[in-house]
Amino acid sequence: MSFQSKHTDRMYVVMGIVLLISLTFLGRLFYVQVIDKSYQLSADNNVLRYETEFPARGRIYDRDGRLLVYNEAAYDLMIIPRQATSIDTTELCRILNISKEDFIRKMDKAKAYSWRKPTIFEKQISTITYAELQEKLYRFSGFFVQKRTLRKYPEPVAAHLLGYVGEASQTKLDEDPYYKRGDYVGISGLEKSYETELRGQKGVKVIMVDVFNRPKGSYKEGKYDTVAVAGKTLHASIDAELQAYGELLMQNKTGGIVALEPSTGEILALVSAPSFDPNLLVGRVRSDNYRMLQADTLKPLFNRALMSEQNPPGSTFKLINALIGQQVGVLNENTTYRCPRGYVSGSFRMGCHDHRSPLNLRESIQHSCNAYYGNVFRNIIDHTGKPWEGFAIWRKHVVSFGLGTKFNTDLPIEYAGIVPTNEFYDKHYGKNHWKSLTIISMAIGQGELGTTPLQLANMTAAIANRGYYYPPHLVTAIDDEPIKNRFTEKQFTTIDPKYFEPVIDGMAMVFEQGGTGYRSRHDSIVMCGKTGTAQNPHGEDHSIFICFAPKDDPKIALAVFVENGGGGSKYAAPIASLMVEKYLTDTVARPNLEKPILEANLIDPSKNVAP
Amino acid sequence: MREQRSIFDGIDWVMVGLFLILVFMGWINIYAAVFNEEHQSILDSTQRYGKQLFFIVFAIFVGLVIMLIDGKFFSTFALPIYGLTMLLLVVVLFTARDVAGARSWIDIGAFKLQPSEFAKYATSLALASYLSTINIRMDELKTKLVATLILVIPAGLILLQNDTGSMLVFGAFALVMYREGLSGNFLLFGLAMAVLFIFALLFTPLTMLIILGSIGLVVFLFQRRKTWKLGLSIGAVLMVLMGFVYSVDYIFNEVLEPHQQVRINVLLGKEDDPKGAGYNVNQSKIAIGSGGFTGKGFLKGTQTKYDFVPEQTTDFIFCTVGEEWGFLGTFVVITLFAALILRILFIAERQRSAFTRIYGYCVASIFLFHFMINIGMTIGLMPVIGIPLPFFSYGGSSLLGFTILLFTFIKLDGYRLQQLR
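The rules behind the values
- Residues numbered from 1 in each chain as written.
- Chains lettered and ligands numbered in written order.
- Predicted model: local features only at pLDDT ≥ 70, side-chain atom pairs only at ≥ 80, totals over all residues.
- Heavy atoms only, no water.
- Helix = DSSP H or I, 4+ residues; strand = E, 2+ residues; numbered from the N terminus.
- Rg over C-alpha atoms; globule rule 2.2 N^0.38 Å.
- Buried < 20%, exposed > 50% of the residue type's maximum accessible area, 1.4 Å probe, protein only.
- Contact = heavy atoms within 4.5 Å.
- Areas by Shrake-Rupley, 256 points an atom, 1.4 Å probe, with all protein chains shown as cover.
- Lys, Arg positive; Asp, Glu negative; His and termini not counted.
- Charge placed at Lys NZ, Arg CZ, Asp CG, Glu CD.
- Disulfide = S-S within 2.5 Å.
- Salt bridge = Lys/Arg side-chain N within 4 Å of Asp/Glu carboxyl O.
- 1 Å grid on protein atoms, 1.4 Å probe; cavity = no way out; pocket = protein on both sides within 12 Å on 5 of 7 lines; lining within 4 Å.
- Points joined across faces, edges and corners; volume = space filled by probe spheres on them.
- Pairing = 2+ DSSP bridges.
- Axes fitted to C-alpha atoms, helices over the stretch in contact; angles between N-to-C directions.
- Patch = residues over 30% accessible without salt bridge, like charges linked within 9 Å, V, L, I, M, F, W, Y side chains within 5 Å.
- Domains from an automatic or database assignment.
- Buried area = accessible area lost by both parts, 1.4 Å probe.
- Nonpolar A, V, L, I, M, F, W, Y, C, P; charged D, E, K, R; others polar.
- Polar contact = N/O pair within 3.5 Å; in protein donor to acceptor, adjacent residues only side chain to side chain.
- Parallel < 35°, antiparallel > 145°, perpendicular 65-115°, else oblique.
- Left-handed = near helix turned anticlockwise from the far one by under 90°.

Attention now goes to the overall build of chain B. Along the backbone of chain B there are 17 helices and two strands. For chain B, the C-alpha radius of gyration of 23 Å lies close to 22 Å, the compact-globule estimate for 421 residues. In terms of overall dimensions, chain B has a C-alpha envelope of 70 × 60 × 45 Å along the principal axes. Counting only residues that meet the buried cut, chain B has 52% of its 421 residues in that class. Restricting the contact set of chain B to residue pairs at least 6 apart, pairs at least 24 apart contribute 70%.

With that out of the way, let us pick up the overall build of chain A. Across its full length, chain A holds 21 helices and 21 strands. The C-alpha radius of gyration computed for chain A amounts to 34 Å, which surpasses the reference 25 Å derived for 611 residues by more than 25%, pointing to a less compact arrangement than a globule. Along the longest, intermediate and shortest principal axes, the C-alpha atoms of chain A span 150 × 55 × 40 Å. As displayed, chain A has an accessible area near 26400 Å², and 51% of this comes from carbon and sulfur atoms. Taken as two groups, the 72 positive and 67 negative side-chain charges of chain A have centres that lie 5 Å from each other.

Glancing now at the state of the cysteines. The tally for this structure, following the rule as stated, stands at zero disulfides over all chains. C369(A) supplies the cysteine sulfur nearest to C339(A), a cysteine that is in no disulfide, at a spacing of 3.6 Å.

For the rest of this paragraph, the subject is the pattern of salt bridges. Summed over all chains, the structure comprises 40 salt bridges over all chains. A salt bridge links K551(A) to D505(A); its shortest N-O distance comes to 2.8 Å. In this pair, K551(A) is assigned in the loop between β20 (542-549) and β21 (556-562) and D505(A) in helix α19 (residues 500-509), connecting sequence segments 46 residues apart. For the pair K551(A) and D505(A), one class covers both residues: buried. Residue E323(B) is joined to K296(B) by a salt bridge in which the shortest nitrogen-to-oxygen separation is 2.6 Å. Residue E323(B) is found in helix α15 (residues 317-349), and its partner K296(B) is found in the loop between α13 (279-290) and α14 (302-305); the two are separated by 27 residues along the sequence. Residue classification places K296(B) among the partly exposed positions, given a relative accessible area of 22%. When salt bridges with common partners are traced through the structure, they connect D62(A), D64(A), R66(A), D239(A), E241(A) and K582(A) into a single cluster.

Below, the discussion takes up empty space enclosed by the protein. Residue and element names in this part refer to chain A. Under the definition given, this model contains three cavities of 30 Å³ or more. Lining the largest cavity are 16 residues; nearest its centre among them are F54, P55, R57, Y184 and R199. Going through the elements one at a time, β5 (143-152) and α9 (195-199) are the ones with two or more residues in the lining of the largest cavity. The dominant element in the lining of the largest cavity, judged by the number of residues it contributes, is β5, at four residues.

Residue and element names in this part refer to chain A. Judged by pairing direction, the sheet is antiparallel, and its five strands sit side by side in the order β12-β11-β21-β20-β19 without closing on themselves. At either end of the open sheet lies a strand with only one pairing partner, and these are β12 (266-273) and β19 (528-534). Within the sheet, the average angular offset between the axes of one strand and its neighbour, ignoring direction, is 10°. Bridging between strand β11 (residues 255-261) and β21 involves six bridges; their strand directions are antiparallel. Paired with L260 across the strands is A557, a residue of β21. Relative to the sheet, helix α20 (residues 572-585) contacts β11, β12, β20 and β21, its axis offset from that of β21 by approximately 145°.

Our focus in this paragraph is a nonpolar patch on the surface. Judged by side-chain polarity, L188(B), L191(B), V195(B), F197(B), I198(B), F199(B), L202(B) and F203(B) come together as a nonpolar surface patch covering roughly 660 Å² of accessible area. Note that F197(B) resides in helix α9 (residues 184-202).

Here the focus is the domain arrangement of chain A. Residues and elements named next belong to chain A. Its domain assignment divides chain A into domain 1 (52-200 + 220-236) and domain 2 (240-605). For domain 1 versus domain 2, the separation of C-alpha centres amounts to 43 Å. Counting residues at the interface gives 35 residues for domain 1 and 38 residues for domain 2. Taking both partners together, domain 1 and domain 2 bury about 3000 Å²; carbon and sulfur atoms supply 59% of that area. Considering only the side of domain 1, the residues that lose the most area to domain 2 are R63, H160 and H235, jointly responsible for 24% of the buried surface there. Along the contact surface separating domain 1 from domain 2 lie three salt bridges. The partner of R63 in a salt bridge is E261, with the nearest N and O atoms 3.2 Å apart. Listed by contribution, the elements that provide at least two residues to the side of domain 1 that touches domain 2 are β4 (119-125), β5, α6 (159-162), β6 (165-167), α8 (189-193) and β10 (234-236). Within the side of domain 1 that touches domain 2, the residues separate by chemical class into 15 nonpolar, eight polar and twelve charged.

Counting residues at the interface gives 38 residues for chain A and 50 residues for chain B. Interface area for chain A against chain B, summed over the two sides, is near 4000 Å², with a carbon-plus-sulfur share of 72%. Ranking the residues of chain A by area buried against chain B places R10(A), F25(A) and Q33(A) at the top, with a combined share of 17%. The interface formed by chain A and chain B holds zero salt bridges in total. For the interface between chain A and chain B, the tally reads eight residue pairs in polar contact (both at pLDDT 80 or more). For the side of chain A that touches chain B, the elements supplying multiple residues, two or more each, are α1 (10-35), α2 (38-47) and β8 (203-209) of chain A. By residue number, the principal contributor to the side of chain A that touches chain B is α1(A), which donates 19 residues.

Here we come to the packing of helix α10 (residues 240-249) of chain A against α20(A). All names here are of chain A. Axis separation between α10 and α20 bottoms out at 10 Å; the angle between their running directions is 155°. By the angle between their axes, α10 is roughly antiparallel relative to α20. Here α10 runs over α20; the crossing is right-handed. Along its contact with α10, which presents E241, L242, Y245, G246 and L249, the element α20 presents I575, L578, M579, K582 and Y583. Grouping the amino acids of the contact of α10 with α20 by side-chain chemistry returns seven nonpolar, one polar and two charged.

Bringing the sheet that holds strand β1 (residues 48-53) of chain A into the picture now. Residues and elements named next belong to chain A. Here three strands make up an open sheet; going across it, the order is β1-β8-β9 and the pairing antiparallel. In this open sheet, the two strands that pair with only one neighbour each are β1 and β9 (215-218). Mean inter-strand twist for the sheet, computed between neighbouring axes without regard to direction, equals 40°. Of the pairings in the sheet, the one linking β1 to β8 comprises six bridges and is antiparallel in character. Bridging from a neighbouring strand, L48 pairs with M208 of β8. Together, β1 and β8 form the strand contacts of α2, whose direction differs from that of β1 by roughly 55°.

Bringing the environment of G404(A) into the picture now. Residue and element names in this part refer to chain A. Tracing the backbone shows G404 in the loop between α16 (387-399) and α17 (422-429). A residue is classified by how much of its surface remains accessible, and G404, at 19% relative accessible area, is buried. Here the alpha-carbon distance between G404 and E191, two residues 213 residues apart in the chain, equals 26 Å. Apart from the residues within four sequence positions on either side, G404 is in contact with A416, G417, I418, V419 and Q455.

This part covers the side chain of E324(B). Secondary-structure assignment places E324(B) in helix α15. Not counting residues within four places of it along the chain, the set of residues in contact with E324(B) comprises A32(B), T294(B), G295(B), K296(B), G297(B), F298(B), L299(B), K300(B), G301(B) and T304(B).

Our focus in this paragraph is unusual backbone geometry. Residues and elements named next belong to chain A. Of note, the amide linkage connecting S357 to P358 takes the cis form, showing an omega dihedral of 0°. One non-glycine residue, R341, lies in positive phi territory at about 55°. Within the secondary structure, R341 sits in the loop between α13 (318-327) and β13 (342-345). The class of R341 is partly exposed, set by a relative accessible area of 46%. In this model, S368 sits at a positive phi of 55°, which is unusual for a non-glycine residue. Looking at the element boundaries, S368 is found in the loop between α14 (361-367) and α15 (370-382).

Here it is as structure tokens:
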């Protein structure tokens, strides 16, 4: 019954087809599985979610261990647009209390940024909203909550020096890959300059999610996870009480106060008036408040203590001329000059006020005699016979006090001030075509000079130290580790210590009978000070006072600058004196001196009660 | 004939072995695809792998029963089995509930049965029976028509059930007819039509006219004798082809459902829609591709375990193989399938009985078609047509259907040897 089948050879065709299909599959599989690596990535993207763990930002304490800045928990609602499909928008809008249009707008914004990467959908949702949302979050695929921290300032002081944090700008994102959209970064003040220390290190938790975005556990037992490292604690040199008191004294005024500890260069107080509550620049209200502060004509965001560089130091600068005069040998403590109510040279006259005459060096400081320093300055400039040489020497000494240069403190913005150069005058008058009389206004600290309150405070500290200073700075220790850097390196002035004594004596005499600061004296603290008045072509002169105390073991050196406050003795001297008292005795027991300052209003003259 | 010693006499252990390996691997991969922490036991009968184990045991039992049946039974009762199954397909049309748009399931107690899985078996028997009849010659028109009718009846009924995938399987029988003498031109013609079909979808009719016209011109120019007659026949062929192109265009735009259009477009690369219609294929490719050379390891597949791949225990079970066992795994599976199909073909050729040979070719062709479409679909070489991977995919009906197909052949092969003694 069996027979030989025809077409047996067709078996090979059919078998060939089987082999062809199998080999095609194997080739394709080899390509897809072994050669093309992109699928691995896609699979990871599908299933892996990188959850950032934000570390707590470092806290900031003042010099007495008072908490200045800490963190408060906040919750950001994040979204991964790719995964946010078929969710109950109405319900979500209701929970978040936003409109459908808001929802669409936020969604579009997130999509425009990235389909795959998480973006902030709603910032800093309230704890109550968070509680409700957390329960129902599983229904909103693609959404998750990211814990963050917000800065809190228990005491509403020192806004300028503490600075604030905000979302990293596009520029920041571009230049530093550490930051991702929505990350916070220090934008000004200590928050900015110590950003790396304060921010800590972000951690990443790689978790696996299923197709509904439900967490399914950690990826490879957490092999690729990194732990968030908390930010470091900053110990600032600020004395919060002194700072608050400084801000109180400066209320309704514009200007700045900088107080230093001369023996270390640590900044005890740094007031820029008008100031504001640092809590204004936190959280959801930040941008509105920022706009408001920016629009304010009094420029509260402008840190006058470090940035107001156009104003001359006025008579406080006579101290420097007195020191340089001795150093270059044109002056000694017994040198006397007459004062015919001013400095006269030919037809030139630089006026002075009424005081007894003649005066020696100490008395010249006590009375702030213009004539005396007209002579001293001209002698300095002319002591080599060539004014430009004398000027260069003078300038070198001036700069050694930190004037005309930046200290590069640990605050992000600081201006250098102005100490004119030979080139400046050469350009202005022609090469060496100028002489001491041409620039004589600098004898009494006017003219081309410009100093910031910080520089004046440092100049005072250098005098208090009899010839050296430490660059002013704010942070003394990071995580209990005391700083050891350029801030702890002594900077010497070019003046011999012995020349400081007569000048310091004169500064003490400022507070004695007949001195320009007599009204601001303190019975038990021996203060050394100097008034200054910065001529202001735009209005009332600025009131300046520099001061340190106690005389023999200086604990505090400060500069006070009150815009449009008139003469130095009027506003700046009492404020400086009160600050010293506050710092050294912890209280203020001179209501007669304090009250008029507190009541004074230089911003709205109609409300001003002159002291 | 001597008394037979055992029902296992003359059995081809290679096919049985391949069957057991494939079934076991399928079961392991179903376990991996649905594995979750709560139900860790592979024997848990509430889970699909537990149920599949039951199906496997039952299928092996049915395989044993087939071994007990007399070898003559199949050829003798081929037509009644065919008739009964066709009746069942008709019944399904009236009794079945809609399951995902298809009406192909019958409820039998706690189980659901899919008669279309058995229709392939019945058709194979019927076709083998008819073509092995003495004096039936494939080159006769009548034979072609009857054979086609045997295929078209079940195919049509299954199409009425809205189960396009299972219907297409009947195209695989063309290979059987080819082996039995159908001109290879029919296969080539089918292939050419398929290519033309794809081109017609890819390009506009105008482009097609230019392409076909150029081909016609080249053919004309390369003929030694350029007669009017030749030119006219080329022109006529051209017109027929263009008619086909236009009808494809028409069918695509007017007859196909939008989701079918999108599926085809995605496959052809005309549409990129990784979240929509292309989602399945895209995720499936990602799963397989991410397996790499050695795979992510047993139960470590993230694509399948976290439900990114749909239908992962049934139509897309191959993804789990690719993801967890890598290229090594897919290589083994492809090799095993190729080995099984080639073994069936080889054994079919050694039969003296035309019935067994033709039946063997039917089995091989069905396996080949499922193998080609199912795996091709998971790696984006074939359109998404929902048909199972034999022995691998979860499902009692399909496993039973394939087992019966294979074991009937093993029995028939064994019977041949028994006859010799």
